[in-house]
Amino acid sequence: MARKKIVAGNWKMNTVPAEGVELAKNVVAGRSEVCECVNFIVCPPFTHLSQVVEAVKGSDIAVGAQDCATEAKGAYTGEIAASMIAALGCKYVILGHSERRQYYGETSETLNKKMAQAYANNLIPIYCVGENLEEREAGNHFAVCKAQIEEVVFNLTEEQFANLVIAYEPVWAIGTGKTATAEQAQEIHAYIREVLRSKFGAAAEECPILYGGSCKPSNAAEIFAKEDVDGGLIGGAALVAGDFLAIGKGF
Ligand code: PEP
């Protein structure tokens with residue numbers, strides 16, 4: 001069975017609601033130009049998840065959040081529970097993005113709790129892994145990704161693992177304009193799949209592994225052509241509907 005092809009847009013802390021709705025509507029409007037085989041996901045800020053769910057209604061575009069709380073509910077001022085996200089009609093949640101690991105101190109311990117909340121509410125996590133520049137230059141990128149997978153993904157049940165998307169995002173390529181070469185992406189994606197296989201066996205063949213880091217229309221096709229790259233998690237280029245859709249044409 002062929003793995004799912006996914007192009008997911010991480011809007012980060014960009015767009016006010018009206019801009020987000022317009023962007024979503026433009027993605028819907030151009031969607032028919034791209035192969036139906038591509039699964040598009042948009043991940044707006046919490047504030048307009050609901051309006052974006054409404055804007056994509058009737059299309060096959062799915063909506064995800066960019067994070068969720070570690071707890072189910074209660075006295076956690078400012079937090080957003082996975083149940084709230086699911087109740088809006090979202091299907092996905094990005095977890096462990098490097099910006100959250102770096103700026104908000106997210107650890108594997110935090111992420112295990114967030115993953116549990118996501119699954120308890122039938123959200124599919126898009127779990128991000130990736131090394132920083134120092135780790136890449138020291139040749140530690142394999143070990144870093146392995147640890148990020150072992151400490152979190154290895155705690156999943158087989159059923160949960162069957163509903164997981166992984167995004168490999170080298171921190172040095174995020175928002176920097178520097179992209180990993182297609183060969184670098186394939187090398188580490190194949191390695192990540194091997195690590196997954198060591199725990200989950202043949203089910204690892206079904207797990208979509210996305211590449212993220214300055215992916216754009218001009219480099220998507222070359223990267224997506226690699227055997228173990230099943231699509232992209234897109235930051236900057238996801239804020240322009242035409243570019244986001246054009247990345248989907250990379251398959
Ligand atoms: C991201 O942060 O998920 C990302 C891939 O960003 P960019 O495409 O802007 O590098």
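To start, this report covers the structure provided alongside it.

The rules behind these values
- Residues numbered from 1 in each chain as written.
- Predicted model: local features only at pLDDT ≥ 70, side-chain atom pairs only at ≥ 80, totals over all residues.
- Heavy atoms only, no water.
- Helix = DSSP H or I, 4+ residues; strand = E, 2+ residues; numbered from the N terminus.
- Rg over C-alpha atoms; globule rule 2.2 N^0.38 Å.
- Buried < 20%, exposed > 50% of the residue type's maximum accessible area, 1.4 Å probe, protein only.
- Contact = heavy atoms within 4.5 Å.
- Pairing = 2+ DSSP bridges.
- Axes fitted to C-alpha atoms, helices over the stretch in contact; angles between N-to-C directions.
- Right-handed = clockwise from strand over helix to strand, strands pointing away.
- Near = heavy atom within 4 Å.
- Polar contact = N/O pair within 3.5 Å; in protein donor to acceptor, adjacent residues only side chain to side chain.
- Areas by Shrake-Rupley, 256 points an atom, 1.4 Å probe, with all protein chains shown as cover.
- Phe/Tyr/Trp six-rings, centres within 6.5 Å; stacked < 30°, edge-to-face > 60°.
- Core = buried A, V, L, I, M, F, W, Y, C linked by side-chain atoms within 4.5 Å.
- 1 Å grid on protein atoms, 1.4 Å probe; cavity = no way out; pocket = protein on both sides within 12 Å on 5 of 7 lines; lining within 4 Å.
- Points joined across faces, edges and corners; volume = space filled by probe spheres on them.
- Nonpolar A, V, L, I, M, F, W, Y, C, P; charged D, E, K, R; others polar.

As for the overall build of the chain
Logical step 1: The helix and strand inventory of the chain stands at 11 helices and eight strands.
Logical step 2: Since a compact globule built from 251 residues should have a radius of gyration of about 18 Å, the 17 Å found for the chain is in line with a globular shape.
Logical step 3: With respect to the principal axes defined by its C-alpha atoms, the chain has extents near 45 × 45 × 35 Å.
Logical step 4: Taking all 251 residues of the chain together, 52% fall into the buried category.
Logical step 5: Across the chain, contacts joining residues at least 24 apart in sequence account for 72% of those joining residues at least 6 apart.

As for the sheet that holds strand β7 (residues 209–212)
Logical step 1: Strand order in the closed barrel made by the eight strands is β1-β2-β3-β4-β5-β6-β7-β8, with parallel pairing throughout. Sheet twist, expressed as the average angle between the axes of neighbouring strands with direction ignored, equals 25°.
Logical step 2: Two strands pair when backbone bridges link them, and strand β3 (residues 62–65) and strand β4 (residues 92–95) are joined in this way by two bridges, in the parallel orientation. Bridging across to β4, Gly-64 finds its partner in Tyr-92.

Describing the pairing of β4
Logical step 1: Neither face of β4 is open: one carries Tyr-92 and Ile-94, the other Val-93 and Leu-95, and all of them are buried.
Logical step 2: You can see the chain leave β3, run along helix α3 (residues 82–87) and come back into β4, and the turn it takes is right-handed.
Logical step 3: In this structure, β4 lies alongside strand β5 (residues 124–129), joined through four bridges in parallel fashion. Residue pairing in the sheet places Val-93 in a bridge with Pro-125 of β5.

Side note on the site of the ligand
Logical step 1: Neighbouring the ligand are 15 residues; Lys-12, His-97, Glu-169, Gly-175 and Ser-214 lie closest to it.
Logical step 2: A distance of 2.5 Å is found between an oxygen atom of the ligand and a side-chain nitrogen or oxygen belonging to Lys-12.
Logical step 3: Backbone polar atom of Gly-175 to an oxygen atom of the ligand: 2.7 Å apart, as the coordinates give it.
Logical step 4: Protein coverage of the free-state accessible area of the ligand, which is 290 Å², stands at 95%.

Observations regarding the packing of aromatic side chains
Logical step 1: In this structure the tally under the stated criterion is seven aromatic pairs.
Logical step 2: Geometrically, the ring pair formed by Phe-154 and Phe-200 is edge-to-face, given 6.3 Å between the ring centres and 85° between the ring planes. On the criterion of sequence distance, the pair formed by Phe-154 in the loop between α7 (141–150) and α8 (158–161) and Phe-200 in helix α9 (residues 182–200) is long-range, its members being 46 residues apart. Accessibility classification places Phe-154 together with Phe-200 in one group, the buried group.
Logical step 3: Between Phe-224 and Phe-251, the ring centres sit 4.6 Å apart and the planes meet at 25°, which makes this aromatic pair stacked. Of this pair, Phe-224 sits in helix α10 (residues 217–224) while Phe-251 sits in the segment after α11 (241–248); the two residues are 27 residues apart in sequence, bridging distant segments of the chain.
Logical step 4: A residue is classified by how much of its surface remains accessible, and Phe-251, at 32% relative accessible area, is partly exposed.
Logical step 5: Three or more aromatic residues joined by ring pairs form one cluster here, namely Phe-154, Phe-161 and Phe-200.

A short note on the nonpolar core
Generally speaking, nonpolar side chains in soluble globular proteins are found buried as a group.
Logical step 1: Counting residues in hydrophobic clusters, the biggest one holds 68 residues, and the most contacted among them are Ile-149, Val-153, Leu-164, Ile-166, Ile-192, Leu-196 and Tyr-211.
Logical step 2: No other element matches the eight residues that α9 contributes to this core.
Logical step 3: Core analysis: the second largest hydrophobic core is formed by 14 residues, Ile-41, Ile-94, Ile-124 and Cys-128 among them.

With respect to the layout of surface pockets
Logical step 1: Size it by volume and the largest pocket reaches roughly 590 Å³.
Logical step 2: Broken down by element, the lining of the largest pocket gets its largest block of residues, three residues, from helix α4 (residues 98–103).
Logical step 3: Here the residues of the lining of the largest pocket are counted per class, giving nine nonpolar, five polar and five charged.
Logical step 4: In this structure, the second largest pocket occupies an estimated 220 Å³ of space.
Logical step 5: Forming the boundary of the second largest pocket are 16 residues, of which Lys-4, Ala-162, Leu-164, Glu-206 and Pro-208 lie nearest the centre.
Logical step 6: Its residues assigned to classes, the lining of the second largest pocket shows 12 nonpolar, one polar and three charged.

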